[in-house]
Amino acid sequence: MNGRCFQVWQISAGWFRGCITDSQTKILFDNSWMTNFPEDLMLAILSALGGLPDERDKTVFYAELEPARAKWALSADNETISVHVTNYEDDSPTAAVIGNQTAVFDKNLFLRDFTAEMNDVLQRFGLLGYRSEWGAEFPMSLYLKIKDLAAGQQTISCDDEVPAADNMGEEAVCSDFAAERRMLDLI
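Throughout what follows, the structure given in this document is the object of discussion. The written sequence of each chain sets the order in which its residues are numbered from 1. Residues qualify for local features only when their pLDDT is at least 70, as the model is predicted, and side-chain atom pairs are given and counted only at 80 or more; totals for whole chains, interfaces and linings, by contrast, use all residues. Based on all heavy atoms of the structure, the side-chain values leave hydrogens and waters out of the count.

Here we take up the overall build of the chain. Here a strand is any run of E in DSSP of at least two residues, a helix any run of H or I of at least four, and the numbering for each starts at the N terminus. From N to C terminus, the chain includes 4 helices and 9 strands. In sequence order, the chain lays out its α and β elements as β-β-β-α-β-β-β-β-α-α-β-β-α. What you see for the chain is a C-alpha radius of gyration of 17 Å, in line with the 16 Å of a compact globule of 187 residues. C-alpha extents for the chain along the principal axes are approximately 55 × 35 × 35 Å. Across the chain, the fraction of contacts at a sequence separation of at least 24, relative to all contacts at a separation of at least 6, is 46%. Per-residue and other accessible areas were derived by the Shrake-Rupley procedure at a 1.4 Å probe size, with only the shown protein chains allowed to occlude residues. Carbon and sulfur atoms form 48% of the exposed surface of the chain, whose accessible area is close to 10100 Å². Our radius of gyration is a C-alpha quantity, and the globule rule it is checked against amounts to 2.2 Å times the number of residues to the power 0.38. Working rule for contacts: check all heavy atoms of both residues, and any pair within 4.5 Å makes them a contact.

The next subject is helix α1 (residues 37-49). The span expected for a helix works out to 1.5 Å for each residue beyond the first. In this model α1 runs 18 Å from its N-terminal to its C-terminal C-alpha over 13 residues, within 8% of the 18 Å that 1.5 Å per residue would give. We call a residue buried when its accessible area falls under 20% of the maximum for its residue type, exposed when it is over 50%, and partly exposed in between, using a 1.4 Å probe and counting protein chains only. All buried positions along α1 are accounted for by F37, P38, L41, M42, L43, A44, I45, L46, S47 and A48.

For T102, the location among the structural elements is in strand β7 (residues 97-106). For the pair formed by T102 and H84, sequence separation is 18 residues and the distance between their alpha carbons is 4.2 Å. Once residues lying within four places of it in the same chain are set aside, the contact partners of T102 are D22, T25, I27, V83 and H84. A distance of 2.4 Å separates the side chain of T102 from the side chain of H84, its partner in a polar contact. In protein, a polar contact means a hydrogen-donor-capable atom and an acceptor-capable atom, both N or O and within 3.5 Å, with residues adjacent in sequence counting only if both atoms are side-chain atoms; elsewhere, any N or O pair within 3.5 Å suffices.

Pairs of strands are assigned from DSSP output, requiring at least two bridges between the strands. Read from one edge of the open sheet, 3 strands run β1-β2-β3, paired in antiparallel fashion. Strands with a single pairing partner mark the edges of an open sheet, and in this sheet they are β1 (6-12) and β3 (26-32). Ignoring strand direction, the axes of neighbouring strands in this sheet form an average angle of 10°. Two strands pair when backbone bridges link them, and β1 and strand β2 (residues 15-21) are joined in this way by 6 bridges, in the antiparallel orientation. Of the residues in β2, the one forming a bridge with I11 is F16. Here the axes come from fitting lines to C-alpha atoms, over the contacting stretch only for helices, and the angles between their N-to-C directions go from 0 to 180 degrees. Packing against the sheet, helix α2 (residues 107-134) makes contact with β1, β2 and β3, and its axis sits at approximately 10° to β1.

The strand order across the open sheet formed by 4 strands is β4-β5-β6-β7, and the pairing between neighbours is antiparallel. Each of the sheet's edge strands pairs with one partner strand only, and the pair in question is β4 (60-64) and β7. On average, adjacent strands in this sheet sit at an angle of 20° to one another, irrespective of strand direction. Here 5 bridges tie β4 to strand β5 (residues 69-76), and the two strands are oriented antiparallel to one another. The residue of β5 that forms the bridge with E64 is R69. The strands touched by α1 are β4 and β5; relative to β5, the strand with the most contacts, the crossing angle is about 25°. Lying over the sheet, α2 contacts β6 (80-88) and β7, oriented at roughly 105° with respect to β7.

Attention now goes to a negative patch on the surface. For patches, a residue must show more than 30% relative accessible area and have no salt bridge; joins then use 9 Å for like charges and 5 Å for nonpolar side chains, namely Val, Leu, Ile, Met, Phe, Trp and Tyr. For this analysis, a salt bridge means a side-chain nitrogen from Lys or Arg found within 4 Å of a carboxyl oxygen belonging to Asp or Glu. The charge count treats Lys and Arg as positive and Asp and Glu as negative. His and the chain ends do not count. The atoms used to mark charge sites are NZ of Lys, CZ of Arg, CG of Asp and CD of Glu. A grouping of D159, D160, E161, E170, E171 and D176 is seen on the molecular surface, where their side chains present a negatively charged patch. Mapped onto the elements, E161 comes out in strand β8 (residues 160-162).

Here we take up the nonpolar core. Here the nonpolar core consists of buried residues drawn from Ala, Val, Leu, Ile, Met, Phe, Trp, Tyr and Cys, with membership extended through side-chain atoms lying within 4.5 Å. By size, the foremost hydrophobic cluster in this structure holds 44 residues, and its most contacted members are F16, L41, W72, L74, F114, M118 and F138. Excluding residues that lie within four positions of it along the chain, W72 makes contacts with I20, I27, F29, F37, L41, T59, V60, F61, A63, V83, H84 and V85.

All right, on to unusual backbone geometry then. Between E66 and the following residue, P67, the backbone shows a cis peptide bond with an omega angle of 5°. By secondary structure assignment, the location of P67 is in the loop between β4 and β5. The phi angle at E66 is positive, at roughly 45°, despite the residue not being glycine. Topologically, E66 is positioned in the loop between β4 and β5. Overall, E66 belongs to the partly exposed group, its relative accessible area being 36%.

Structural data, given as structure tokens:
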């Protein structure tokens, strides 16, 4: 297809299909709407990279393959990101393992290919079309944060605060919407 290490082949009627490929391993995914694979994957990427400090425990998630199930586990160090997928025959607690695969990527290459592919998904489907085919909103805030990290920037974060007076007496975290809009302009 496009030579990227992360590829989305099809989003249709609640199915999300594609692959992740390193120099030795090709991990296929064919996930159903029963879990939100794109959002869970983006949370895992950000969690592994430390991009969402409040959500450190999101590096492992499950994806439904109907009837099979896959456990995804991501980890990262300064230079690489690893994706380990364990496939089970079904979603029962005693399900037999039917496959284990691990792919390891240069972190910068993976982030570049991931953001380029998700940008292509947005160009191909649009936000409303994506929601119509997948059945959930495109995880835009997570995508923008990954795009920010891929660009080597730290322009998008929740370091700001909504004053209590502007939020019914409760302080809250916020992000810089102007910075987020600038990232949107790059899509």
